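Summary of structural features
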Amino acid sequence: MVTTTRIRSFKGLLKYPLTQTREVGTRQIDISTIDRVQRGQLTQRFNLAKQTHKSALQMQKAAGSVIPGTTLEETNSLSVVYNGCKESIDIIVPNDSDLNALVNGINDLIAMYKLSTRKVHRDVLLVEHAWVDSDRHLKATCSFNDFTTMLPYLNADINRLTLNSLYKKFCQSANTRPEAGINVRQAALFLDQLRVLMHATSKVTDPATLIFQEYEDTPGSRAISDKAFLNFLHVKQGETRATIESVHELFNRLNEQELAGVTVKGDVCGDRISKKTFIAFMYSDENDAFDPIKARVGRSDMTQPLSNYWINTSHKTYRTVDEKEASGAAEGGASVQMYVNALYRGCRCLEIDVWDGDSNLGNEPVVCNGDPSGATLGTVSDKIILFVDVIKAVKAFLVSRPDSYPIILGIENHCSLSFQEKMAQHLNGVLDDRLFRPPASMSTLPSPESIKGKVIIRSKLPDTTREGATVINDDFDTENDLAREEINSLPEIPSNDEDTIETGVVIGFDTVGSIVSDSPHIQEKTPDELLYIAKMEARESRQAASIAEQYAFELQVKASQAEEKAAKLLAKIGMTFNDVEKQKAAAVASVGSRLFSRASRAGTSMGGSRVDSRVDNVNDNAGTLTQNSTMTSLNSESKRGVSNKSIASASHMDGTNTVDRSVVDSTIKSESRISRAHSEESDSMYDGADSSTEGEMELSEFMSFKTGSERADAEEGMEVQDFFENAVEHAKTQYAAADADAIDATEAAAIAMADLQQASAALSAAEDVMKDTKRVQAERIEAAERAAAEARANRGHADTASQRVITVRDLLKKCKENAGTSESVSATAHAESKISEQRAVEAEARASKAQVTAEADRVRADTETKTEEKLENEAASLQRKANDAKQAVDKAKERVANAIEALGKVDQKISDIENSEDHRMNSDNNGNQQLVQMEKHKQCLEEKKYCLEKVKEASISCNKFEVASRKANLAFEEASKKAKAQVTLAAWARRQADQSTAIAEQLIEHAEEEREAANLRHIACEKAEVSVQRSDADRLSMEAQLAEAERAAAESEQLAFGSRQMAEQLASEAQLVKDISKEESRLATLLEQKEQAQSAYDMANKRKLSCDTKAAEAKRILTTSSEVLQRAQHEAAAEIHRLNAERQAERNAMMAHTQAKHLRRKADKAKDAAAKAVAKAADVVAAERHAEQYKVKKAKVCTISERLARLTLVGSVKYKQWEKSLSLPYSASHNISEGMMVHMTERGPSEWKQWMEFNKNHLTRTFPSGKVRRNLSNYNPMIPWAMGCQLVSVNVQASSGMLLLVDGRFRENGSSGYVLKPERLKEGGARVSTFQEQIEREFPKQLQLRILGGHGLPKPEGVTKGVPAISPRVKVVLYDGVPGEGSVQYTTKTVNKNGLCPVWNEDEGAMFTVSSPSTAMVLFTVWDRDNELNKDFFIAASAIPFSCLRKGYRSVPLFDSNHTRSGAYGLAFLLVDIDIQ
């Protein structure tokens, strides 16, 4: 393991069966929590080890043992990823066979576990998981206390006493003693009874039980037959293809489930299942709401082009999550492991942002989020990773998953040409035959099936694949990522805008684009020079347009103000502009000849323009004359009406009176001044504006006309003053007489009032005396009663004080007793503290000694291990020497054999010579022949001698080598014995070291416990001493309180005696003031005198009131007469003012009308001139914009490596217009940001239709906006899916509701990362005119959901297992995928403190209308409701495509935030009722 020491043998990883207690130092991983086994050094721990301990990970390469581009360590490394992909164990196994055996063994264990779980009851699995999670061994027993400790892990909350009673009853029924405990299988049975108890306590029924009761054979039978179950599948579950044979197969599987050590058969057979089995089926994967047929890999047709599939795509794949951020979704660093996680999660399109890496980064292409200039290798594991490491990770995944559908690498290429060559080299070298190389010609995109196990490259692609080919890098995410307001401000892209640079010399720009010249004599300007010229021209044009617009605007404002004022003035006189025009025409007809001749004469001297102007003014002013004539007659009638009204108002009075003429005169003068001021104010409005002098002259002539009858009418109202003189004089006389009578009556009333006041004063004085007497009497009586009450109270206080003395004495006695007890407790605590401190010191000493021993044992173990390795090496060396010696012996024996063979041949020759006839004949004859034979014989003898010497020499050599071989063998055997002994010794030393370490850990833990106990006893000792001190203080306080109580008792007794004496004295004084008869008699006499004075005053006052009334009436008549006279005078003056004001208003209105027309003509001319200037400026600005785009485009030109281009299948093209996009080749694709996507959907169905048409044979990638989302959150993927977009990239690093939708979408087709799109979104699908028609063709459906119950809901991630049970509630959200229609959400009630078996049993549930069934998604999320924080905490979720939903009573398996079902999540389900219509 990377975290400890290197594994030399995979056998060292296998654990022996655990005993009753877990072996100290071993590490256990629940097999249910393992997510995968991945090869290669891809985890973060491996990356850190490479940097910090690189030399420790390096091994010598063996020839031909590794693949190109990898090292031995990478091919012999693996990681076991578990706990929801959050943790891993990283291992290096040098031996290939051991590595394969280890990987296969772990995978086989996982497969065996998954297979075995199908035969084990869900309650057994749930208890086993909680048992292991609470750190208990599966073979141990569980007591009642243990089970209560395990309840939080089961998410159950129940009263302890109730649980204890149930536990004892269960143990009694199971023939088990409660104190002995129960095992796992018994705990599963007990859990079922606990579930029933919890339902009964909450007064609910398990929904699965209700379903069973609905379909069981007969009520109370507790079993359901195969026919009844088949009917249930057909009618309720909608599984019309189910047969009786399939039901029997299902029954056999269900009846084999193991519970409490036996199969769950009971009294049922193959054609029946029990209630428990039926309930287990309802909450199982067999009853999944997700259609299992659609969840199989390869269920869809995978032979269609790539554009016909939704492809699981990740965004910013390399980015990690910053766990330090509170949101948990902020961007962190970069890691290769993120690519591995994405691939195993199901992503088949990965994004790689590649940049140049400088010398600090090994001159290698790197992957990061931005320019890595200045970065070093130390930051590779933090913010930067190597491109080649990413390719190796992809290769490692394909090695483990060779049947994977193609992986698309979306490369955002920021690299220079040399680094692009390195990219192509790495792609070819690492991926080799797993890299898809596009052929020269393809008519359409390949299918996933045809390139299975391959890697596809998507990047910027030039028009032609040749050396030096260029592209415009304008399609990076940073450029495409625009906010909505930025998109709205973008200029419209012309239809002729191309993705290439113009050929020729660009000499300028116009509204269409660049102006190109082919002339060789024109000197080409740089983009900066062209942009500068365009900017100067644009600035001059904008300035000219701005001046023209400003001038036109000012004239428009003046004209509008003039028209508004004229309209108001005309409205005051009851006219409109049309009325003025009509009256002007009539006036021209009546006085035309005279005015026209005058205007003509004026025009002769002034010119034609002046003539026209005067004619216009005459026409304008003619209407004023007509209006004046009309108003004159109306004014005359008005004046007569005023006079008649004034006379009528005074007709009820007698006599006449004379009106003061000066009042009328002053009024007329005042009104004349007001009228002139109003006229001057109206005329001042047009100061500074162009006016027509001739028009004013004609207007004054019209307005000066006044007839004699008008002047007579103006004076008519002045004669009303003579009418009121007699009436006013008569009223004055009557008022004087009435006033005199009122004065006499007032005097008489005053005399009577004085008499009444005198009598009242005498009576008041007598009443005061009486009140004082009664008050004194009452005060003395009250004082006596108060003194008596005080005496009684003082007596009570004295008694209370005496009783308090007794009580304090008792308390003092108790304090003395408590003080003695506290001293005893303190002494005991002090002694225990000393003992505990001594034990803690001893335990710490033992722990320290054990640590020293453990360290020594570890050093010894390391030494013995090194000795073991040394002896093994020596034995191997001796073995090689023995083998060499043996080979030498064999060779020596071979030489001896060869020599003996040669000797035999020589002896044979000698024997042949000696036995030959020639030799015998020659021995008789002495001749030449004899000499010859002798010579031959001699030679053979010499040859024999030589052979004998060779045999002797070979024999000696052979003997020598045999001796050496025996010595080498003996040495090897001795070394082997020593090595074996050392192996045993080293193994014993390591075990001894492990045991010493375990003992040291136990002693340390014991020392910590003893120290904690010593600290607690020390605290207890201090508390005891404080208690002693407090007892002493209480005793002293009680003694002081006793002395105070005795003193207070004596004082209270004295006070009670004095109060009693004072009460008796005041009682005797109160008896002396009781007789008040004299005062009462005098008071009655004075009261009678006051009543007589009151009667006289009432009579006088009555007469006074009568006289006052008559005087008031006379005064009212006089006042009324005077008011009528004054009113008549004012009305006459007002009438005169009104006539003057009307004439002035007429003149002002006509003047305003004339001025408004003149200003409007000038404003319209200025507006036309400004529009021309603005149009010219717009053309120049468009040319400037083209110059800017040309400069930007030139700066983005980049050369593409020919090798890299030939590896690229799909090219990236910037979106500009759909008309242009639809004409692109199949290999072109678009990158659409979130902001642009929202903008497109808001543009309406016509935009949607074009987008969908493009996506039928092209690829489109959408990505979340970095400007809108500052962290790794996600957007809603439903809209791009509904538009047919294939590559809907999301951030898979951080969990979110939108990511859950993606995980749910790609559960279809076995989570292979490819899902076939609906027919209407595929190439060759039916073409329709509108998007709405596409939706209508799908036949919208109704979805009704009822949440019934849940099973085994875990706690939210990160929450401590020991906290109380959760309070779950479920949220169901329908995402329909129709633009403009939001999601629909439904939330259930909250089930309090029950995550084990929550029950909702909703009656109505939720009703959803699904407009687009082919794209809609249903998201189930479970939340823990915290009412105190008013917040929901995420527990688990499951997203299901609507097209994959099954109707009926279904279970919904729940996933964690990483979309895994490891650990407790593998047993978490919801039970729902689904109805689709």
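Below: a short report on this structure. (Residues numbered from 1 in each chain as written. Predicted model: local features only at pLDDT ≥ 70, side-chain atom pairs only at ≥ 80, totals over all residues. Heavy atoms only, no water.)

**Concerning the overall build of the protein chain**
Operational definition: Secondary structure elements follow DSSP: runs of H or I of four or more residues count as helices, runs of E of two or more count as strands, with numbering from the N terminus. Residue contacts are defined here by distance: any two heavy atoms, one from each residue, within 4.5 Å place the two residues in contact. Throughout, the Shrake-Rupley method with a 1.4 Å probe supplies accessible areas, and for residues the shown protein chains are the sole cover considered.
When you go through the protein chain residue by residue, the secondary structure sums to 34 helices and 32 strands. Considering only intrachain contacts with a sequence separation of at least 6, the fraction spanning at least 24 residues in the protein chain is 77%. Just so you have it, the protein chain exposes about 75800 Å², and 52% of that area is on carbon and sulfur atoms.

**With respect to the sheet that holds strand E31 (residues 1448–1453)**
Selection rule: Pairing between strands is defined by DSSP: at least two bridges between them are needed. Angular values range over 0 to 180 degrees, each being the angle between N-to-C directions of two axes fitted as lines to C-alpha atoms, with helices fitted over their stretch in contact.
Taken together, the four strands give an open sheet; going across it, the order is E28-E25-E32-E31, and neighbouring strands pair in antiparallel fashion. Strands with a single pairing partner mark the edges of an open sheet, and in this sheet they are strand E28 (1406–1410) and E31. Averaged over all adjacent pairs, the angle separating strand axes in this sheet is 35°, with direction ignored.

**Notes on the environment of Lys1317**
This is how the line gets drawn: Classification of residues uses two cut-offs on accessible area relative to the type maximum, computed with a 1.4 Å probe and protein chains only: under 20% is buried, over 50% is exposed, and between them is partly exposed. Between N or O atoms, a polar contact is any pair within 3.5 Å; within protein, one atom must be a potential hydrogen donor and the other a potential acceptor, and residues adjacent in sequence are included only when both atoms are from side chains.
Examined against the element boundaries, Lys1317 turns out to sit in the loop between strand E24 (1314–1316) and helix H34 (1331–1336). A relative accessible area of 3% means that Lys1317 is categorised as buried. Distance from Lys1317 to Cys1285, taken between C-alpha atoms, is 9.5 Å for residues 32 residues apart in sequence. From its side chain, Lys1317 meets the backbone oxygen of Asn1255 in a polar contact 3.2 Å long. Polar contacts involving the side chain of Lys1317 include one to the main-chain carbonyl oxygen of Gly1284, which spans 2.8 Å.

**Considering the pattern of salt bridges**
Quick reminder of the rule: The salt bridge criterion pairs a side-chain nitrogen of Lys or Arg with a carboxyl oxygen of Asp or Glu, the two atoms within 4 Å.
Counted under the stated rule, the structure contains 42 salt bridges. The partner of Asp285 in a salt bridge is Arg1461, with the nearest N and O atoms 3.4 Å apart. Of this pair, Asp285 sits in the loop between helix H12 (275–282) and strand E8 (309–314) while Arg1461 sits in the loop between E31 and strand E32 (1469–1476), and the two are 1176 residues apart along the sequence. Each member of the salt-bridge network shares a partner with another, and the members are Arg122, Asp123, Asp192, Arg195 and Lys276.

**Some words on the environment of Glu1319**
Of note, Glu1319 is situated in the loop between E24 and H34. Glu1319 sits 63 residues away from Lys1256 along the chain, and the two C-alpha atoms are 10.0 Å apart. Separated by 2.6 Å, the side chains of Glu1319 and Lys1322 make a polar contact.

**Notes on helix H8 (residues 184–202)**
Our working definition: The length a helix should cover is 1.5 Å for every residue beyond the first.
Spanning 19 residues, H8 covers 26 Å between terminal C-alpha atoms, matching the ideal 27 Å at 1.5 Å per step. Inspection of H8 places Val184, Ala187, Ala188, Phe190, Leu191, Leu194, Arg195, Met198 and His199 among the buried residues, and these make up the whole buried set. By the N-cap criterion, in which a side-chain oxygen at the helix start approaches the backbone nitrogen of a residue two or three places on, H8 is capped by Asn183, the distance to Arg185 being 3.2 Å. Of the residues one or two after H8, Lys203 is the one with positive phi, at around 60°.

**Some words on unusual backbone geometry**
The phi dihedral of Asn155 falls on the positive side, at around 65°, and the residue is not glycine. Along the polypeptide, Asn155 turns up in the loop between helix H6 (144–154) and helix H7 (160–173).

**Some words on the packing of aromatic side chains**
The criterion, for reference: Stacked, tilted and edge-to-face are the three classes assigned to paired rings of Phe, Tyr and Trp, where Trp is represented by its six-membered ring and a pair needs centres within 6.5 Å; plane angles under 30 degrees give stacked, over 60 edge-to-face, the rest tilted.
Across all of its chains, the model carries 20 aromatic pairs by this definition. Their ring planes at 50° and their centres at 5.8 Å tell us that Phe229 and Phe232 sit as a pair that is tilted. With a gap of three residues between them, Phe229 and Phe232 both fall in helix H10 (residues 226–235), about one helical turn apart. Taken individually, Phe229 and Phe232 each receive the classification buried, so the pair is uniform in this respect. Between Phe229 and Phe281, the ring centres sit 5.4 Å apart and the planes meet at 70°, which makes this aromatic pair edge-to-face. On the criterion of sequence distance, the pair formed by Phe229 in helix H10 and Phe281 in helix H12 is long-range, its members being 52 residues apart. With relative accessibility at 0%, the residue Phe229 sits in the buried group.

**Description of the pairing of strand E17 (residues 505–509)**
Of all five residues in E17, four are buried; the element is thus mostly enclosed. Pairing analysis gives four bridges linking E17 to strand E18 (residues 514–517), with the strands arranged antiparallel. Among the inter-strand pairings, Gly508 is bridged to a residue of E18, identified as Ile515.

**Focus on the state of the cysteines**
Test applied: When two cysteine sulfur atoms lie within 2.5 Å, the pair is treated as a disulfide.
Tallied over the full model, the rule gives zero disulfides. No disulfide involves Cys368; its nearest neighbouring cysteine sulfur is the one of Cys415, lying 9.3 Å away.

**A look at the packing of helix H14 (residues 387–400) against helix H15 (residues 417–431)**
Condition: These descriptions rest on fixed angle ranges, namely under 35 degrees for roughly parallel, over 145 for roughly antiparallel, 65 to 115 for roughly perpendicular, and the rest for oblique. Handedness of a crossing is defined here by the sense of rotation of the near helix relative to the far one, left-handed for an anticlockwise turn of less than a right angle and right-handed for a clockwise turn.
Running from amino to carboxyl end, H14 crosses H15 at an angle of 25°, the nearest separation of the two axes being 10 Å. Between H14 and H15, the angle falls in the class roughly parallel. For the pair H14 and H15, the sense of crossing is right-handed. When H14 is examined against H15, the residues Phe387, Val388, Ile391, Lys392 and Lys395 are found in contact with a partner set consisting of Met423, His426, Leu427, Val430 and Leu431.

**Description of the pairing of strand E22 (residues 1259–1263)**
Of all five residues in E22, five are buried, a share of seventy percent or more. The alternating pattern of E22 places Leu1259, Arg1261 and Phe1263 on one face and Thr1260 and Thr1262 on the opposite face, and all of these are buried. Of the pairings in the sheet, the one linking E22 to strand E23 (residues 1287–1290) comprises two bridges and is parallel in character. Within E23, the position partnered with Arg1261 by the bridge is Leu1287.

**Structural notes on the environment of Ala783**
Secondary-structure assignment places Ala783 in helix H24 (residues 725–915). For the pair Ala783 and Ala1063, spaced 280 residues apart in the sequence, the C-alpha separation amounts to 8.1 Å.

**Let's talk about the sheet that holds strand E2 (residues 77–82)**
The strand order across the open sheet formed by three strands is E1-E2-E3, and the pairing between neighbours is antiparallel. Strands at the two margins of the open sheet, each flanked by one partner only, are strand E1 (34–39) and strand E3 (87–92). Put simply, the sheet's adjacent strands are angled 15° from each other on average, direction ignored. Sheet analysis places E2 next to E3, joined by six bridges and oriented antiparallel.

**Overview of empty space enclosed by the protein**
Over the atoms rolls a probe the size of a water molecule, and in doing so it shows where empty space is left. For clarity, the cut-off: With a 1 Å grid laid over protein atoms only, a set of points is called a cavity when a 1.4 Å probe fits there but cannot get out and a pocket when it is open yet has protein on both sides within 12 Å along at least five of seven lines; lining residues have an atom within 4 Å of a point. Grid points are joined across faces, edges and corners, and a volume is the space filled by probe spheres set on the points. Residue polarity is assigned by list, with Asp, Glu, Lys and Arg as charged and Ala, Val, Leu, Ile, Met, Phe, Trp, Tyr, Cys and Pro as nonpolar; anything else, Gly included, falls into the polar class.
Considering all chains together, one arrives at eight cavities of 30 Å³ or more under this definition. Space inside the largest cavity adds up to approximately 220 Å³. Along the wall of the largest cavity there are 16 residues; nearest its centre are Ile411, Glu412, Arg458, Ser1212 and Asn1231. Those elements that provide at least two residues to the lining of the largest cavity are strand E11 (349–355), strand E14 (407–413) and strand E15 (455–459). Here the element with the most residues in the lining of the largest cavity is E14; it accounts for four residues. Each residue belonging to the lining of the largest cavity can be placed in one class, and the counts come to two nonpolar, six polar and eight charged. The computed volume of the second largest cavity comes to approximately 140 Å³. In terms of lining residues, the second largest cavity is bounded by 14 residues, among which His129, Tyr153, Leu154, Pro1354 and Ala1464 are the most central. Taken together, the elements giving at least two residues each to the lining of the second largest cavity come down to helix H5 (122–133) and H6. For the lining of the second largest cavity, the element with the most residues is H5, which contributes four residues.

**Focus: the side chain of Ser1233**
Within the secondary structure layout, Ser1233 lies in strand E21 (residues 1228–1233). A distance of 3.0 Å separates the side chain of Ser1233 from the backbone oxygen of Asn480, its partner in a polar contact. Ignoring anything within four residues of it in the chain, the contact list for Ser1233 reads Asn480, Asp481, Leu482 and Phe1263.

**What to know about the nonpolar core**
Soluble, globular proteins show a tendency: their nonpolar side chains are buried together. Quick reminder of the rule: Residue types Ala, Val, Leu, Ile, Met, Phe, Trp, Tyr and Cys, when buried and joined through side-chain atoms within 4.5 Å, form a set referred to as a nonpolar core.
In terms of nonpolar packing, the biggest core is built from 79 residues, with Leu350, Phe387, Leu409 and Leu427 touching the most fellow members. The element contributing the most residues to this core is H14, with nine residues. With residues up to four places along the chain from it excluded, the contact list for Leu409 reads Leu350, Ile352, Ile391, Val394, Leu427, Val455, Ile456, Ile457 and Arg458. Judged by nonpolar contacts, the second largest core, of 32 residues, contains Trp1400, Val1410, Val1422 and Ala1468.

**Concerning the packing of H6 against H7**
At a closest axis distance of 11 Å, the pairing of H6 and H7 adopts a crossing angle of 130°. The orientation of H6 relative to H7 falls into the category oblique. In this structure, H6 crosses over H7, and the sense of that crossing is right-handed. Listed contacts from H7 to Phe144, Asn145, Phe147, Thr148 and Leu151 of H6 are Arg160, Leu163, Asn164 and Tyr167. Among the residues making up the contact of H6 with H7, the classes are represented as five nonpolar, three polar and one charged.

**With respect to a nonpolar patch on the surface**
Note the following rule: Exposure above 30% relative accessible area and the lack of any salt bridge qualify a residue for a patch; like charges then connect within 9 Å, and the nonpolar side chains Val, Leu, Ile, Met, Phe, Trp and Tyr within 5 Å.
Side chains of Ile507, Ile515 and Ile522 sit close together on the surface and give an oily, nonpolar patch of about 220 Å² of accessible area. Mapped onto the secondary structure, Ile507 falls in strand E17. Using a relative accessible area of 42% as the deciding quantity, one classes Ile507 as partly exposed.

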